[in-house]
Amino acid sequence: MLSPTPAGHRHETDYDRRRLRQWLAGEARADGVSRRRLLTLLAATAAGTALGTARPAHAADTPIVKPLPPEWFIQRGTNAETRWEALRGTGHHTPNSLFFVRNHTTTPVLDAADWRLRLWGSGLRGAPGEDRPVEFGYDELRALPAVTRTAFVECAGNGRSFYTTQQGETVTGTAWTLGAIGVARWRGVRLADVLRGAGLSPYAVDVQPRGLDAEFVSGGESLGRVRRPLPLAKALDDVLLAYEMNGEPLPYDHGHPVRVLVPSWIGIASIKWVGDIEVSAQPLFSPWNTAFYRLFGPAHPEGGSAPLTRQTTKSAFELARGATFTAGRKHVLHGRSWSGAGGVAHVDVSTDGGTNWRPARLHDRPRSGTWTRWSVGWRPDAPGATHLLARATDTAGRTQPDTAVPNTQGYLFDAVVRHPVSVV
Ligand SMILES: Nc1nc2c(c(=O)[nH]1)N[C@H]1C(S)=C(S)[C@@H](COP(=O)(O)O)O[C@H]1N2
Ligand SMILES: [Mo]
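What counts as what
- Numbering of residues starts from 1 in every chain and runs along the sequence as written.
- Whichever chain is written first becomes A and whichever ligand is written first becomes 1, with later ones labelled in order.
- Given that the model is predicted, a residue must reach a pLDDT of at least 70 before its local features are reported, and side-chain atom pairs must reach 80 or more before they are shown or counted; all residues, however, enter totals for whole chains, interfaces and linings.
- Side-chain numbers come from the whole structure's heavy atoms, not from hydrogens or water.
- UniProt positions are given in the numbering used here, feature names are shortened, and annotations may be inferred rather than shown by experiment.
- Relative accessibility under 20% of the residue-type maximum defines a buried residue, over 50% an exposed one, and the middle range a partly exposed one, all with a 1.4 Å probe and only protein chains included.
- Numbering of helices and strands starts at the N terminus; helices are DSSP runs of H or I of at least 4 residues and strands are runs of E of at least 2.
- Throughout, the arc means the angular range of directions from the helix axis out to the C-beta atoms.
- The definition of a polar contact used here is a pair of N or O atoms within 3.5 Å, where within protein one atom must be able to donate a hydrogen and the other to accept one, and adjacent residues in sequence count solely through side-chain atom pairs.
- Should any heavy atoms of two residues lie within 4.5 Å, those residues are counted as being in contact.
- Classification of ring pairs uses Phe, Tyr and Trp, with its six-membered ring standing for Trp, and accepts pairs whose centres are within 6.5 Å; under 30 degrees between planes counts as stacked, over 60 as edge-to-face, and the remaining range as tilted.
- Here, proximity means that at least one heavy atom of the residue falls within 4 Å of the molecule or strand.
- Areas reported here follow the Shrake-Rupley algorithm with a probe of radius 1.4 Å; residue values treat only the protein chains shown as occluding.
- The pairing criterion for strands is at least two bridges between them, as found by DSSP.
- His is not counted here, nor are the chain ends, while Lys and Arg score as positive and Asp and Glu score as negative.
- Counted as salt bridges are all cases of a side-chain nitrogen of Lys or Arg within 4 Å of a carboxyl oxygen of Asp or Glu.

Going by what an unreviewed UniProt entry lists, the chain is known as Sulfite oxidase and is assigned to Streptomyces phaeolivaceus. Taken verbatim from the UniProt record of the chain, the Cofactor (unreviewed entry) comment is "Mo-molybdopterin".

Structure representation (structure tokens):
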């Protein structure tokens, strides 16, 4: 039987506010990392990885397993950003070979036959105080009822570089343009089924999946293995333990053999190479929901916003920056728009730097958790430089603004991006 969600935890925002208060009041546990220590780390990270800082090029010791041809990817440290021009004509789902990679360290090459998933913690049923771990092997997981769903994985920092190039803000982190997103058809089992099978207690509030990749070192300090708590309400809603991506076994770089897939939320929630899940009767904290993946800065609460959850609304053209078009000819511009709050039902495009706008033709039915493809015809009449702009409105009524509210780590950029092109 599925345990009911405690009533007070039904709404994400209430839950997050409570969580923030607990953290600020020092009532929370963060695996031995104190709040003061996290804030120090945060300051150290801010000083150490300012946007635009050159990183050494990777030679043979690349942290990513799959090939990264330069016409498809821009390498950014341990990460690889998909080029939007490479998505032209790829269909609704991003091919695995083109899917962006965001690694805190290095892709571990794991064997499904050796893989075990351990569930443990105070939120599982058992004698009080007893740590009653439950384990699943790969075949046992595959024997559970399977579900498939199309969903994006998008980094919270996607679009970060536009805080700097469009808005003149200084932010820290990987200087992504708009290619830290991909959409795949994921197949796996519901996390709810696995939690239920493990014996969820009625007091469980958080679950924290943790990756099997190496510990993440920041500012000379190990923050441990990548992990981030999920409120139980989301964990029981639509989260998958995915073992297939677009009909293939999950590739090494994307979490082989099993990853968490948290639809509509920021990418860090979708823990790759999951090895264990703590199920807790107390709210959990890790550096990934305290020092990172919150909004800090003058526009945000002292001590940071609540931990980030849903993605924001964005649009991109399937074009290289600086693409050229012939004057007097008819062209068709293609792009995609998406949101974490619902489907995208309306997109307006401007081909003259934002003066005139017209609606794009949609090529997908708006669906939550994935993008809507669109196109618009364009016959530029005179040679010269211009900007293409696309502005999406989602089914929750959110429209992309002209300016994004800045935060020191450059998360959740949502403003309309000015895409430079030239007419010749
Ligand atoms: N174990 C583990 N899970 C992880 C990460 C990681 O470095 N280690 N990166 C996270 C981040 S920040 C993002 S944006 C997504 C990226 O998923 P992808 O590499 O499959 O595109 O994975 C998330 N899951
Ligand atoms: Mo991310």
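What follows concerns helix H5 (residues 191-198). Along H5, the residues classified as buried are Leu191, Ala192, Val194, Leu195 and Ala198. For H5, the angular spread of the buried residues around the axis is 165°, confining them to a single face. Just past H5, the residue glycine 199 takes up positive phi, approximately 90°.

Turning our attention to the side chain of histidine 92. By the secondary structure assignment, histidine 92 is in the loop between strand E2 (79-82) and strand E3 (116-120). A distance of 3.2 Å separates a polar atom in the side chain of histidine 92 from a polar atom in the side chain of aspartate 364. In this view, histidine 92 contacts Thr150, Val183, Arg336, Asp364, Arg367, Thr370, Trp371 and Arg373; residues no more than four positions away in its chain are not counted.

The next subject is the packing of aromatic side chains. If you walk through the whole model with that rule in mind, you get 14 aromatic pairs. Look at phenylalanine 99 and phenylalanine 100: their rings are 5.8 Å apart centre to centre, the planes differ by 20°, and that puts the pair in the stacked class. Just as phenylalanine 99 is buried, phenylalanine 100 falls in that class too. When the centroid spacing of 6.1 Å and the interplanar angle of 50° are considered together, the rings of phenylalanine 216 and tryptophan 288 count as tilted. Pair noted here: phenylalanine 216 is in the loop between strand E7 (206-211) and strand E8 (217-218) and tryptophan 288 is in the loop between strand E14 (274-280) and strand E15 (314-317), with a separation of 72 residues, a long-range link. Assigned by exposure class, phenylalanine 216 and tryptophan 288 land together as buried. Joined through ring pairs, the aromatic side chains of Phe99, Phe100, Trp176 and Trp186 make up one cluster.

For ligand 1, the set of nearby residues contains 20 residues, the closest of which are Phe100, Asp213, His254, Arg259 and Lys272. Histidine 104 places a main-chain nitrogen or oxygen 2.8 Å from an oxygen atom of ligand 1. A distance of 3.0 Å separates a nitrogen atom of ligand 1 from a polar backbone atom of serine 270. Computed on the free molecule, ligand 1 has an accessible area of 540 Å², of which 100% lies beneath the protein chains in the complex.

Either a parallel or an antiparallel arrangement is found when strands of a sheet pair, and the pairing is made through backbone hydrogen bonds. With mixed pairing, 5 strands are arranged side by side in an open sheet as E16-E23-E22-E18-E19. This sheet does not close on itself; its edge strands, each paired only once, are strand E16 (323-325) and strand E19 (358-359). Bridge count for E16 against strand E23 (residues 419-423) is 3 bridges, and the pairing is parallel. Paired with alanine 323 across the strands is valine 421, a residue of E23.

In space, the 4 strands of this open sheet follow the order E15-E17-E21-E20, with antiparallel pairing throughout. The open sheet has two edge strands with one neighbour each: E15 and strand E20 (361-362).

Further remarks concern the side chain of arginine 259. Structurally, the position occupied by arginine 259 is in strand E13 (residues 259-261). For the buried residue arginine 259, which engages in no salt bridge, the nearest side chain bearing the opposite charge is aspartate 213, 9.9 Å off. A distance of 3.3 Å separates the side chain of arginine 259 from the backbone oxygen of histidine 254, its partner in a polar contact. At 3.0 Å, the side chain of arginine 259 forms a polar contact with the backbone oxygen of serine 270. Excluding residues within four positions of it along the chain, arginine 259 makes contact with Val153, Trp186, Leu240, Leu241, Ala242, Leu250, His254, Ser270, Ile271, Lys272, Trp273 and Val274.

Of all 8 residues that make up strand E5 (residues 147-154), 6 are buried, and the element is covered over most of its length. Here 8 bridges tie E5 to strand E6 (residues 181-190), and the two strands are oriented antiparallel to one another. Each bridged residue has a counterpart across the sheet, and for valine 147 the counterpart in E6 is glycine 188.

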